[in-house]
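Fold and geometry: a report
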Amino acid sequence: WIDTDLSFGSPIREVDDAYALVLAHHSPELEIVGISTSYGNAPLRATTRRTRDLLKRLGLTMPVAPGANSPNDLGRPTKAAEALAAALRQDDRLTYIALGPLTNLATFFQLHPQEAAGLDQVIMVAGHSPGAQLGFGPKEKFQIHDANVVKDPAAVRVVLAARVPLLIAPIETSSDLMLEGPDLESLQTSGPLGRHLAKGSRVWLWFWQHIARARGGPFFDALAIVAAARPQALTLETRRAVLTSEGQLLVRRDADFSHICAKNSHKKGRLVRFCSAFGPGTKAFILRRLGGRPEKSSNAPRAQ
């Protein structure tokens, strides 16, 4: 199940959700059983419409279940929560991939606690190591924030309390997955879908290269799909996650966790898996799959 705030098609929005969805569709290890949408990169109406547009290009006819319009919808019934509950009644086990704010997932946990037991794991693009600099360009002066946490910390708190295994694919790690100019040109020549992705990514790439002054544009959300399809490509550490009183989701190794607990004595944190690195062939692996090109088993990325 993929929950997305996809905004691909608008020149001033991030494109990484679209890359993640195409990557999932082109990954034979995965079967997409459902898709829900959220506010985040754009308003809910826009993310839902653009998700449906992309699914049509992919030849997928599954319905898209709209969810939360804002953090104020936490706990309110939505089509997203109801559709996920219905899917879990039909399938024994599911992995939930959260590419946007966690409002939809937290609402599902609140309204459907019995069905929640059917989730094998939640993979979420959220959280960071204490002290991690989420910056780009010269001296990392262009700073970004942990958007999926900042937009709804209350939902993060609900998800942390749920008894479902969590795997965190943080932007501090995925920020090294950069789409550069030559990559975009290669995608352009890979076929109709590649041309569509390339066309919708040019302004986005220009922004990252000329405003943020990074070497390319980071496709953050793609790391979450790699975590589902090829976890052996990643370095996964067992850590503890805590939501601080300032609304930050900090994910720290146990040995260095004591001072967080001292500042947040009412929160002991919970164990999660944290993606701290990815194999050297991961970017090439993603680009091949985005273009619909099969890869030999020897080319599959592996963590070192």
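Just above sits the structure.
This section reports on the structure supplied with the text. (Residues numbered from 1 in each chain as written. Predicted model: local features only at pLDDT ≥ 70, side-chain atom pairs only at ≥ 80, totals over all residues. Heavy atoms only, no water.)

This part covers the sheet that holds strand 5 (residues 119-124). Taken together, the 9 strands give an open sheet; going across it, the order is 3-2-1-4-5-8-13-11-12, and neighbouring strands pair in mixed fashion. Each end of this open sheet is capped by a strand with a single partner; those strands are strand 3 (64-66) and strand 12 (249-252). Adjacent strand axes in the sheet meet at a mean angle of 30 degrees, parallel and antiparallel pairs treated alike. The sheet contact formed by strand 11 (residues 234-243) and strand 12 spans 4 bridges and is antiparallel. Across the sheet, residue Arg 240 finds its bridge partner in strand 12, namely Arg 252. Contacts from helix 2 (residues 44-58) reach strand 1 (2-4), strand 2 (35-37) and strand 3, with the element oriented near 175 degrees to strand 3. Seen against the sheet, helix 6 (residues 153-161) touches strand 5, strand 8 (166-168), strand 11, strand 12 and strand 13 (270-278) and runs at an angle of roughly 110 degrees to strand 11. (Pairing = 2+ DSSP bridges. Helix = DSSP H or I, 4+ residues; strand = E, 2+ residues; numbered from the N terminus. Axes fitted to C-alpha atoms, helices over the stretch in contact; angles between N-to-C directions. Contact = heavy atoms within 4.5 Å.)

Structurally, Thr 37 can be placed in strand 2. A polar contact of 2.7 Å, which involves the side chain of Thr 37, links it to the side chain of Thr 48. Leaving out residues up to four positions away in the same chain, Thr 37 has contacts with Asp 3, Thr 4, Leu 44, Thr 47, Thr 48, Thr 51, Val 64, Ala 65, Pro 66, Gly 67, Ala 68 and Asn 104. (Polar contact = N/O pair within 3.5 Å; in protein donor to acceptor, adjacent residues only side chain to side chain.)

Attention now moves to a nonpolar patch on the surface. Taken together, the side chains of Trp 206, Phe 207 and Ile 211 make up a nonpolar region of the molecular surface, amounting to roughly 290 Å² of accessible area. Of note, Trp 206 is situated in helix 10 (residues 202-211). For Trp 206, a relative accessible area of 46% translates into the label partly exposed. (Patch = residues over 30% accessible without salt bridge, like charges linked within 9 Å, V, L, I, M, F, W, Y side chains within 5 Å. Areas by Shrake-Rupley, 256 points an atom, 1.4 Å probe, with all protein chains shown as cover. Salt bridge = Lys/Arg side-chain N within 4 Å of Asp/Glu carboxyl O. Buried < 20%, exposed > 50% of the residue type's maximum accessible area, 1.4 Å probe, protein only.)

Geometric values such as these leave the question of function open.
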